[in-house]
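Residue strings, one per chain:
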Amino acid sequence: MPDLLYLDTARVGQIAPSAHRALTDYLRLNADQRFPLYFDAFFEDRVEIPESALAEYNGISCWQGLGPLKDKIRRFFSVGDNIDVWFSGRSISLMRLAAEMMFRRCRNIMVPDLTWPSYKELLVRAIPNSSCRITRIKISDRIGNGIAPDELVDLLVQAYAERKCDGLFFPLVSNLGIRLPIRRLVERIRQHDQLRFVVLDIAQAVNHVPIEADKNYFDFAIGGTHKWFRSFLPLGFALSGNPRTCDFVSATVSRWVEKRLIDDPLLRLVHSLEHLDETKFGETVDATPLIACAGALSDANQVSNRVFEKKILQNVREQVDEIFGRCGLSINNSHPDFHSRILTYTSTATRSQKAVRIHHRLEQLGIATSMIGKCLRISIPPFGLSQLQLNHLASAVSD
Ligand SMILES: Cc1ncc(COP(=O)(O)O)c(C=O)c1O
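Not measured: the values here are computed from a predicted model.

Peer 1: Just to check I follow, could you spell out the overall build of the protein for this structure?
Peer 2: Summing up its helical and strand segments, the protein has 14 helices and 13 strands in all. By principal-axis analysis of the C-alpha atoms, the protein measures approximately 60 × 60 × 35 Å. In the protein, which comprises 399 residues, the share counted as buried stands at 55%. Contacts in the protein between residues at least 24 apart in sequence constitute 71% of all its contacts with a sequence separation of at least 6. For the protein, the accessible area works out to roughly 18,100 Å², and carbon and sulfur atoms hold 49% of it. In the protein, which carries 49 positive and 45 negative side-chain charges, the distance between the mean positions of the two groups comes to 7 Å.

Peer 1: Looking at this structure, I do not really get the pattern of salt bridges. What am I missing?
Peer 2: Close approach of charged atoms allows side chains with opposite charge to pair. The full count for this structure, using the stated rule, is 15 salt bridges. The salt bridge partner of Asp25 is Arg28, with a shortest N-O separation of 2.7 Å. A residue pair is termed a helical-turn pair when its members lie 3 or 4 positions apart in one helix, as Asp25 and Arg28 do in helix 1 (residues 17-33) at 3 residues. Judged by its relative accessible area of 10%, Asp25 is buried. A residue is classified by how much of its surface remains accessible, and Arg28, at 31% relative accessible area, is partly exposed.

Peer 1: Explain the packing of aromatic side chains here, please?
Peer 2: One pass over the full model with this rule turns up 7 aromatic pairs. Relative to Phe229, the ring of Phe76 lies with its centre 5.2 Å away and its plane at 85°, an arrangement referred to as edge-to-face. Highlighted residues: Phe76 in helix 3 (residues 66-76) and Phe229 in the loop between strand 7 (220-224) and strand 8 (236-240), separated in sequence by 153 residues. The class of Phe229 is buried, set by a relative accessible area of 3%. For the pair Tyr119 and Phe169, a centre-to-centre distance of 6.4 Å together with 45° between the ring planes defines the contact as tilted. On the criterion of sequence distance, the pair formed by Tyr119 in helix 5 (residues 117-126) and Phe169 in strand 5 (residues 167-171) is long-range, its members being 50 residues apart.

Peer 1: In this structure, what is going on with unusual backbone geometry? I would like to understand it.
Peer 2: The bulk of non-glycine residues show a negative phi, and the bulk of peptide bonds are trans. Positive phi, close to 55°, is recorded for Ser78, a residue that is not glycine. Along the polypeptide, Ser78 turns up in the loop between helix 3 and strand 2 (84-88). Judged by its relative accessible area of 57%, Ser78 falls in the exposed class.

Peer 1: Teacher, can you tell me more about the environment of Leu5 here?
Peer 2: Along the polypeptide, Leu5 turns up in strand 1 (residues 5-6). Exposure remark for Leu5: the relative accessible area of 4% places this residue in the buried category. For Leu5, the contacting residues outside a window of four places in its chain are Gly366, Ile367, Ala368, Leu385, Gln389 and His392.

Peer 1: Any chance you could explain the site of the ligand here in plain terms?
Peer 2: The environment of the ligand is formed by Ala10, Ser91, Trp116, Tyr119, Val173, Asn175, Asp201, Ala203, Gln204, His226 and Lys227. Gln204 places a polar side-chain atom, nitrogen or oxygen, 2.9 Å from an oxygen atom of the ligand. Protein coverage of the free-state accessible area of the ligand, which is 390 Å², stands at 84%.

Peer 1: Can you help me understand the sheet that holds strand 13 (residues 375-379) in this one?
Peer 2: The strands making up a sheet associate through backbone hydrogen bonding, with each pair oriented either parallel or antiparallel. Strand order in the open sheet formed by 4 strands is 9-10-13-12, with antiparallel pairing between adjacent strands. On the outer flanks of this sheet lie strand 9 (329-331) and strand 12 (370-372), each paired with one strand and no other. For this sheet, the mean inter-axis angle between neighbouring strands, taken without regard to orientation, is 40°. Examined bridge by bridge, strand 10 (residues 342-347) and strand 13 share 5 bridges and lie antiparallel to one another. Residue pairing for strand 13: Thr344 is matched across the bridge by Arg377. The strands touched by helix 12 (residues 310-326) within the sheet are strand 9, strand 10 and strand 13, with strand 10 carrying the most contacts at an inclination of about 15°.

Peer 1: Before we go on, may I ask you to explain the layout of surface pockets in this structure?
Peer 2: In this approach the atoms are scanned with a rolling probe the size of a water molecule, which exposes any empty space left behind. Empty space within the largest pocket amounts to approximately 400 Å³. The wall of the largest pocket is formed by 21 residues, among which Thr9, Gln14, Arg230, Pro381 and Pro382 lie closest to the centre. Sorting the residues of the lining of the largest pocket by element identifies strand 1 and helix 11 (288-303) as the ones contributing at least two each. At 4 residues, helix 11 tops the list of elements feeding residues into the lining of the largest pocket. For the lining of the largest pocket, the class distribution of residues is 14 nonpolar, 5 polar and 2 charged.

Peer 1: Just checking my understanding: could you explain the packing of helix 7 (residues 149-162) against helix 8 (residues 182-192) for this structure?
Peer 2: The packing of two helices is summarised by the inter-axis angle and the distance between the axes. Here helix 7 crosses helix 8 at 40°, and the two axes come no closer than 10 Å. Between helix 7 and helix 8, the interaxial angle falls into the category oblique. When the axes of helix 7 and helix 8 are compared, the crossing they make is right-handed. For the pair helix 7 and helix 8, the contacting residues are Pro149, Asp150, Val153, Asp154, Leu156, Val157 and Tyr160 in the first and Arg184, Leu185, Arg188 and Ile189 in the second. When the residues that make up the contact of helix 7 with helix 8 are grouped by side-chain class, the tally is 7 nonpolar, no polar and 4 charged.

Peer 1: Explain helix 3 here, please?
Peer 2: Buried residues of helix 3: Leu66, Leu69, Lys70, Lys72, Ile73, Arg74 and Phe76, and no others. Positioned one or two residues after helix 3, Ser78 has a phi angle of 55°, which is positive.

Parameters and conventions
- Residues numbered from 1 in each chain as written.
- Predicted model: local features only at pLDDT ≥ 70, side-chain atom pairs only at ≥ 80, totals over all residues.
- Heavy atoms only, no water.
- Helix = DSSP H or I, 4+ residues; strand = E, 2+ residues; numbered from the N terminus.
- Buried < 20%, exposed > 50% of the residue type's maximum accessible area, 1.4 Å probe, protein only.
- Contact = heavy atoms within 4.5 Å.
- Areas by Shrake-Rupley, 256 points an atom, 1.4 Å probe, with all protein chains shown as cover.
- Lys, Arg positive; Asp, Glu negative; His and termini not counted.
- Charge placed at Lys NZ, Arg CZ, Asp CG, Glu CD.
- Salt bridge = Lys/Arg side-chain N within 4 Å of Asp/Glu carboxyl O.
- Phe/Tyr/Trp six-rings, centres within 6.5 Å; stacked < 30°, edge-to-face > 60°.
- Near = heavy atom within 4 Å.
- Polar contact = N/O pair within 3.5 Å; in protein donor to acceptor, adjacent residues only side chain to side chain.
- Pairing = 2+ DSSP bridges.
- Axes fitted to C-alpha atoms, helices over the stretch in contact; angles between N-to-C directions.
- 1 Å grid on protein atoms, 1.4 Å probe; cavity = no way out; pocket = protein on both sides within 12 Å on 5 of 7 lines; lining within 4 Å.
- Points joined across faces, edges and corners; volume = space filled by probe spheres on them.
- Nonpolar A, V, L, I, M, F, W, Y, C, P; charged D, E, K, R; others polar.
- Parallel < 35°, antiparallel > 145°, perpendicular 65-115°, else oblique.
- Left-handed = near helix turned anticlockwise from the far one by under 90°.

Any functional reading would require information beyond the geometric quantities listed.
Laid out in structure tokens, this is it:
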């Protein structure tokens, strides 16, 4: 039987080798050396692991403390220390903070129909308690029918002005793999209209498409390290640093954490370590996702210049489209500039169970994909698919 063909990174990435080594050696170090769950200095910036221990537990050498981890993330995104990095145990905690910030700054937030459902639900539930409105905008059908990115931007700019919006909440890449031209959209809106706060969902974009975090086109970007970054253990993170709003963002995060308006132990642990405030913390927290993240960063840096080579992607995409097209699954006809490494295939109306059946068959043959509603979703690895893997996929689909 061939090796597992893992095409499900959009759900959770397969653990990166360095994250695996970091976690394994961290556990070994704790077990062998009888370190307490987290010894004082370990999560601050003064980790002192003896040379002899480092030689034996080399996987943990990627971990130098919280500050250095944030610096590594900044280097990964090619940004300076004006960019703040926030961590949380769950990315939805950061979304809660994002909602609070949008509601405080904006009166009317534009939200597309491509929004991650639980983030949309969170906004919809919170809106009655605020003085803010949401303007929902339908774009997925237009993208599916082939609209060009420039036309989409024109349409959104016009709707933004007509509906008197003053904030945006958009994914950079949707869970169904649509990559949106948000930077262009923000720059166009700013030419004529007021944009008080922009929140980006980068959960599917990190280590997948360029984020351009140095370009000041968003105020708060929420992602996780467990998908394309491949740290495996769930860890939410956010970036901020737009000079117009960075003070507001850090004041809001501090206030919400200190007043315990947000229930996220990891967010609180990081905050109390950074503010040297042990009195406000009274809970045992699993901080291993931070260590996995430090490990995954080492591998992510090595492949980051390969993560979005359009030509490789287009080539693989055409071959995979052909394979699924042959067995009667309809392929996505969107403009190539919307494409990402996430591909989706749906059954035609008359054969509505086809995609599910193929998904199960692939699973039995060791090919991991996911079903999102009626869509079969495939994530293409950074280095594409070999001919052998394409043949394996083709024979699995056609059986
Ligand atoms: C676009 C998008 N945003 C947000 C999320 C939520 O991410 P998490 O896995 O951190 O809950 C997902 C999850 O798949 C997603 O696809």
